[in-house]
Amino acid sequence: MDNINVKETYVPTEKTGNIFLLGILLGPLFIALLTTLYVQAIISFPDLFLLLISYILYVILYASFIYVLVRISKCRNTRIVKLFACFLSFFSVYYKAFYFILASQNEHNIFLGDFSLLLNPTHIFQELNVLSQDIYDTVFGIQITGWIIWIFWILQASGILAIGYLTGKYSTFEQVFCENCNRWTQLELRIMLTYESEEELQSILDSDISHLLTLTPTSDFMDQHILVIIDKCKECDATITLNIDKKVGELTSRYDAIIDAKYQNVSPVYVISYSLYRKFEKINNDLQDSL
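Residues numbered from 1 in each chain as written. Predicted model: local features only at pLDDT ≥ 70, side-chain atom pairs only at ≥ 80, totals over all residues. Heavy atoms only, no water.

A. Local environment of unusual backbone geometry. With a phi angle near 65°, Glu 14 is a residue other than glycine that sits in the positive phi range. Positive phi, close to 55°, is recorded for Asn 182, a residue that is not glycine. Owing to a relative accessible area of 39%, Asn 182 belongs among the partly exposed residues under this scheme. (Buried < 20%, exposed > 50% of the residue type's maximum accessible area, 1.4 Å probe, protein only.)

The structure is reproduced here in structure tokens:
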């Protein structure tokens, strides 16, 4: 029997995988290319709305790259992932300042290269200060120069740094790696189970995992329920984990229609046996057949 009191919590091995090799080869190159396209876009189309859209698209692609890099490098070391994400964030901010200067000085031309400026941060700061006196918002016709544009740049840079750190932090959150097969596990089951009271739920969370099987499954996210999430290695039955989220509210559409449940994690990631997994699988299959 799988007993939660044993606290058999999934603990990553903290192996770094190929994060340094792939990160050094692909990281700066991808960030430089992405940032180059972003800067060219904001210079070629100096519209406030397009600037916002370009920035949002930029940080989404940047965050996605970090996540994909962690996955393909098979890095399980959360500390290294956050450190590397922060490094790429600083490089992104620095390279953006560098290329923004070059692109602004050679507007509408394709940059082919004087990288000496890249190695001179003091000169970069001085050039940005010069440029800050000539930049304005073409949408409202309002002059935006000096310290105001510096605040805008600092907010942009802070957003990139924050996104990098958060992506690095959550790229390995509740991500399970099968050391036997050298691959990430995949989501296998999501089962909603109803409960009567907070006291009942807490009692179950404090007891044997198998007590979850006594709860009633449901397919209606409007019910008061927990969400049992089970990940499993596709190649073997040795690595199976379970964690629990509790419904804490509803998600609504722009028209205030309830479209899904809002969840909060209430357990660590537990390792479970294949036999217990099969029991949850049967509950899920029975629920699907009843729909």
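More follows now that the structure is in view.
B. Spotlight on the pairing of strand 3 (residues 186-194). Sheet topology note: the strand 3/strand 5 (residues 225-232) ladder contains 8 bridges and is antiparallel. Residue pairing in the sheet places Gln 186 in a bridge with Lys 232 of strand 5. Pairing of strand 3 with strand 4 (residues 216-218) involves 3 bridges; the strand directions are antiparallel. For Met 192, the partnering residue across the bridge sits in strand 4 and is Thr 218. (Pairing = 2+ DSSP bridges. Helix = DSSP H or I, 4+ residues; strand = E, 2+ residues; numbered from the N terminus.)

C. Highlighting the pattern of salt bridges. Summed over the entire model, instances satisfying the criterion amount to 9 salt bridges. Linking Lys 234 and Glu 188 is a salt bridge whose minimum nitrogen-to-oxygen distance equals 3.2 Å. Here Lys 234 is found in the loop between strand 5 and strand 6 (240-252), whereas its partner Glu 188 is found in strand 3, with 46 residues between them in sequence. Take Lys 234: its relative accessible area is 43%, and that puts it in the partly exposed class. Asp 286 is paired through a salt bridge with Lys 282; the nearest N and O atoms lie 2.9 Å apart. Of this pair, Asp 286 and Lys 282 both sit in helix 7 (residues 274-290), 4 residues apart, which is roughly one turn of that helix. Classification of Lys 282 as exposed rests on a relative accessible area of 52%. Shared partners join several salt bridges into a network, and the residues in it are Lys 15, Arg 76 and Glu 179. (Salt bridge = Lys/Arg side-chain N within 4 Å of Asp/Glu carboxyl O.)

The quantities given are spatial measurements derived from coordinates; they are silent on function.
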